[in-house]
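Overview (structure and organization)
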Amino acid sequence: MAEVKNTTINTEIDIEALMAEEKRERKANRGKKPGSFLYICRRVWHTPTAMVGVGIIVIMYILSYSSPFICKFPFAKVDIMHKYALPGVAGHLLGCDELGRDILSRCLYGARYTMSIGIFSTAFTQVLAIPLGAIAGFFGGIVDTLIMRFLDVFQAFPQILLAIAIACVLGIGFNKIIIALGISGIAGSARMMRAQILSVREQEYVEAATSIGCSTPRIIAKHIVPNAISPLIITMAMGVAGAGLAASSLSFLGFGVQPPNPEWGNMLANARNYVRDYPHMVVIPGIFIMATVLSYNMIGDAVRDALDPRLKD
Amino acid sequence: MIRYIIRRLLALIPVLIIVALAIFTLMYFVPGDPATIALGDTADQATILAAREAMGLNRPYIVRLAEYLEKLFLHFDFGVSYTYGTVVGDELMNRFPHTLTLAICCTLFTVIFGIPLGVRSAVKAGKFEDEVTRFLTLLFSCMPGFWLALLLVLLFALKLKWFPSSGYKSAKYFVLPVLSNSLGSLAGITRQTRASMLEVIRSDYVVTARSKGLPERKVIYGHALPNALIPIVTNIGTRFGFMLGGTTITETIFSIPGIGSYMITSINSRDYNAVQGSIIYLAFMFSFMMLVVDCVYAFIDPRIKAQYTRKKRKAAE
């Protein structure tokens, strides 16, 4: 009798120990599965160039939003006495523009535009492109043909000109430029999503999910999209840099953020007239654009290497 | 192959019709009145109303759309520019040579320097030379094109006075536009070439070619490069198509009267016919280039050519 009791206790202890061990193991393995979000973060964390990029972006964001409080000169303050001041003159670290407005203060304040447009327009693109591509790829047939022919029309234009055309219809402004850039990226991303879905759709686990009676939306959302998404994350990471660059180009041409607001592109468009005599007005905002785009690109490279080491260059 | 090309050309037609339809509809809803634009702000109400009637702006949307499409696709007539009173089709034709010259020069520059640089970088992967190339290409691909253009003007036109800063009279005038337009794509092509060369350079056939004693040059340019070309050609083709549609920013900065600057001025002045015309032209050029790229694939890769012919055989059966 006593013996029987003993074995029962032993089994119970064993199960508990096993469960605890499994829990420990799961905890230890968290973030080690290639492709999981934590894994990507960990890889990016261990890439020095990417961390430099993250550092620059974070510092730029903080400075941008605190610039009204920490800058000696407000970004809109006109100081006629010091117009065209060279860097370092009268406390203006990076000089002044043609109205005597402090360039450093303007560049820092303007950081919010370029950086936010990059992120939001890419998000906008993906929110529309992922379902479109997924639906086209999963259902095939007439739905696929309709969606793809529709996207063909979008792809008949280079991205920046499509954005200009849309900006021209929507009107000009910060929100509208996000939409314009967002729409212009949809075709490419949706096409890529569709191609991924087509290759994932035939896998066994999809068949398994179908055979146990999962609903179609559930199969698409839970089984297909997560397995097909990694190339898209790569384009997304790269897209932020591209969209930032496109945003400043649009502003430069006069279709983006409008002049009293200090956006880097329109600061350059304005400084263009003074390039002969006051080159600092042209050089400085450009360096800000380049640093931002470079940072986003370095993060993008690290994300790509983490997701697909084969693409490492 | 020819059958494939014809099929692709035919497939272009519906795309262009939808582009025309979409852009006409978009422009229809853009705020602003063409009659007011054509006559200027000073015109009185009665003249404007008469002009609206004469221009046919009071007719229903669907009638105007049908007329526009009919003129466009049956007579290749883009209409008349509201602001200048010129025929849009002629204007596009006059501007096309400038854009074409610029696009060809830029593409040649990119190909001539980009591919060898990328190949060299891949061959020397990990060495100092490669690191320098990678750093520089990354830097150039992050530079906004218009900023680069301004810096080039500042250095070569204003400070050193080697090249003129704007205009289009002789070859000298094209140096800065070409440079500013292609340094970015040069960086892109170099990176792309490097990446795809790295992929093929360790393949068995490259090892075989080396082991049978071929000179290294021949191994790289004769055996490895052709197999790495497909993504590079796609990239070059896309960029060329893009440039044919007008290198908007370069043309604006260097005041070259090409398609791109035409489009920007007509958008700014709400010149509907000119905008529609240049956008449709652009869509055609871009799609056409994509078709050319697909045909080039067939010349580079016999396997792709075999696919096209197989399709043909299947269709014949």
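Residues numbered from 1 in each chain as written. Chains lettered and ligands numbered in written order. Predicted model: local features only at pLDDT ≥ 70, side-chain atom pairs only at ≥ 80, totals over all residues. Heavy atoms only, no water.

Glancing now at the overall build of chain B. Broken down by element type, chain B carries 14 helices and zero strands. When the elements of chain B are put in sequence order from the N terminus, they spell out α-α-α-α-α-α-α-α-α-α-α-α-α-α. When its C-alpha atoms are laid out on the principal axes, chain B stretches across 85 × 70 × 30 Å. Taking all 317 residues of chain B together, 47% fall into the buried category. Sequence separation of 24 or more characterises 73% of the internal contacts of chain B that already satisfy a separation of 6 or more. Looking at charge distribution, chain B has the averaged site of its 32 positive side-chain charges lying 13 Å from that of its 20 negative ones. (Helix = DSSP H or I, 4+ residues; strand = E, 2+ residues; numbered from the N terminus. Buried < 20%, exposed > 50% of the residue type's maximum accessible area, 1.4 Å probe, protein only. Contact = heavy atoms within 4.5 Å. Lys, Arg positive; Asp, Glu negative; His and termini not counted. Charge placed at Lys NZ, Arg CZ, Asp CG, Glu CD.)

Within chain A, the secondary structure is distributed over twelve helices and zero strands. Within chain A, counting contacts between residues at least 6 apart in sequence, those at least 24 apart form 68% of the total. When the accessible surface of chain A is totalled, it reaches about 15800 Å², and 65% of it is carbon and sulfur. (Areas by Shrake-Rupley, 256 points an atom, 1.4 Å probe, with all protein chains shown as cover.)

Residue and element names in this part refer to chain B. For the structure shown, the criterion picks out five salt bridges over all chains. For the salt bridge of Arg95 with Glu91, the shortest nitrogen-to-oxygen distance reads 3.1 Å. Of this pair, Arg95 and Glu91 both sit in helix α5 (residues 88-123), separated by four residues, roughly a single helical turn. (Salt bridge = Lys/Arg side-chain N within 4 Å of Asp/Glu carboxyl O.)

Let us now look at the environment of B:Ile259. Residue and element names in this part refer to chain B. Tracing the chain through its elements places Ile259 in helix α12 (residues 259-268). In this structure Ile259 comes out as buried when scored by relative accessible area, which is 0%. Between the C-alpha atom of Ile259 and that of Cys142, which follows or precedes it by 117 residues, the distance is 26 Å.

Attention now moves to empty space enclosed by the protein. Residues and elements named next belong to chain A. Scanning the entire structure with this criterion turns up three cavities of 30 Å³ or more. Its volume calculated, the largest cavity comes out at about 70 Å³. For the largest cavity, the full set of lining residues is Asp97, Arg101, Ile103, Arg106, Met267, Asn270, Ala271, Met281 and Pro285. Those elements that provide at least two residues to the lining of the largest cavity are α4 (103-139), α11 (264-271) and α12 (280-307). The leading source of residues in the lining of the largest cavity is α11, at three residues. Grouping the constituent residues of the lining of the largest cavity by class yields five nonpolar, one polar and three charged. (1 Å grid on protein atoms, 1.4 Å probe; cavity = no way out; pocket = protein on both sides within 12 Å on 5 of 7 lines; lining within 4 Å. Points joined across faces, edges and corners; volume = space filled by probe spheres on them. Nonpolar A, V, L, I, M, F, W, Y, C, P; charged D, E, K, R; others polar.)

All names here are of chain A. On the surface, Ile135, Phe139, Ile142, Val143 and Leu146 cluster together into a nonpolar patch covering about 480 Å² of accessible area. Looking at the nonpolar patch, the elements with two or more residues in it are α4 and α5 (141-155). Here the element with the most residues in the nonpolar patch is α5; it accounts for three residues. (Patch = residues over 30% accessible without salt bridge, like charges linked within 9 Å, V, L, I, M, F, W, Y side chains within 5 Å.)

On to the packing of aromatic side chains, then. According to the stated counting rule, one finds ten aromatic pairs over all chains in the structure shown. A ring pair is formed by B:Phe156 and B:Trp162, whose centres lie 5.6 Å apart and whose planes are at 35°; its orientation type is tilted. Residue placement shows A:Arg112 over the ring face of A:Tyr65; its charged tip is 4.3 Å from the ring centre. (Phe/Tyr/Trp six-rings, centres within 6.5 Å; stacked < 30°, edge-to-face > 60°. Lys NZ or Arg CZ within 6 Å of the ring centre and 35° of its normal.)

What follows covers the interface of chain B and chain A. When the parts of a complex come together, some accessible area is lost, and that lost area is often used as the size of the interface. Facing the 40 residues of chain B at the interface are 35 residues of chain A. It is B:Cys142, B:Phe146 and B:Trp147 that lose the most area in chain B upon contact with chain A, and together they represent 17% of the buried surface on that side. Here chain B is connected to chain A by zero salt bridges. The tally of links from chain B across to chain A stands at one residue pair in polar contact (both at pLDDT 80 or more). Elements with a contribution of two residues or more to the side of chain B that touches chain A: α1 (2-29), α6 (128-142), α7 (145-159), α8 (171-201), α11 (248-253), α12 and α13 (272-300) of chain B. Element by element, the count of residues in the side of chain B that touches chain A is highest for α7(B), at seven residues. Its residues placed into classes, the side of chain B that touches chain A shows 28 nonpolar, seven polar and five charged. (Buried area = accessible area lost by both parts, 1.4 Å probe. Polar contact = N/O pair within 3.5 Å; in protein donor to acceptor, adjacent residues only side chain to side chain.)

On to the domain arrangement of chain A. With domains assigned, chain A is organised as domain 1 (1-30) and domain 2 (31-307). For domain 1 of chain A versus domain 2 of chain A, the separation of C-alpha centres amounts to 51 Å. (Domains from an automatic or database assignment.)

We now examine the confidence of the model for chain A. Across chain A, the average pLDDT comes to 79, with 90% of residues at 70 or higher. Within chain A, helix α1 (residues 2-29) of chain A has the poorest average pLDDT of any element, 67, and helix α8 (residues 204-211) of chain A the best, 86. (pLDDT = per-residue confidence, 0-100.)

All names here are of chain B. Inspection of the secondary structure puts Thr193 in helix α8. Separated by 2.6 Å, the side chain of Thr193 and the backbone oxygen of Ile189 make a polar contact. The residues contacting Thr193, other than those within four sequence positions of it, are Gly114, Ile115, Gly118, Val119 and Ile232.

Right, let's get into the environment of B:Asp130. All names here are of chain B. Topologically, Asp130 is positioned in helix α6. Here Asp130 falls in the buried class, since its relative accessible area comes to 0%. Spatially, the C-alpha atoms of Asp130 and Arg194 are 9.5 Å apart, while their sequence positions differ by 64 residues.

Taken over all residues, the pLDDT of chain B has a mean of 79, while the share at 70 or more is 92%. Under the prediction, the complex receives an ipTM of 0.75, its pTM being 0.78.

All names here are of chain B. Running from amino to carboxyl end, α6 crosses α8 at an angle of 135°, the nearest separation of the two axes being 8 Å. When the interaxial angle is binned, α6 and α8 end up oblique. Relative to α8, the crossing made by α6 is left-handed. Here Asp130, Thr133, Arg134, Thr137, Leu138, Phe140 and Ser141 of α6 lie close against α8, whose contacting residues are Leu183, Gly184, Ala187, Thr190, Arg191 and Arg194. (Axes fitted to C-alpha atoms, helices over the stretch in contact; angles between N-to-C directions. Parallel < 35°, antiparallel > 145°, perpendicular 65-115°, else oblique. Left-handed = near helix turned anticlockwise from the far one by under 90°.)

Attention now goes to the environment of B:Ala274. Within the secondary structure, B:Ala274 is located in helix α13. Expressed as a C-alpha distance, the spacing of B:Ala274 and B:Phe284, which sit ten residues apart in the sequence, is 15 Å.

Residue and element names in this part refer to chain B. Although it is not a glycine, Ser255 sits at a positive phi angle of roughly 40°. Mapped onto the elements of the fold, Ser255 is located in the loop between α11 and α12. On the basis of relative accessibility, which here comes to 42%, the residue Ser255 falls in the partly exposed class.

As a further point, take α13(B). Over its 29 residues, α13(B) runs 42 Å from end to end, which matches the ideal 42 Å to within 8%, given 1.5 Å per residue. Counted residue by residue, α13(B) has 22 buried out of 29 residues, so it is predominantly covered. (Expected span 1.5 Å × (residues − 1).)

Moving on, we come to α5(A). Its 15 residues give α5(A) an end-to-end C-alpha distance of 21 Å, which sits within 8% of 21 Å, the value for a rise of 1.5 Å per residue. Those residues of α5(A) that fall on the buried side of the exposure criterion are A:Asp144, A:Ile147, A:Met148, A:Leu151, A:Asp152 and A:Val153. Where α5(A) is buried, its residues contact α4 and α7 (174-201) of chain A together with α1 of chain B.

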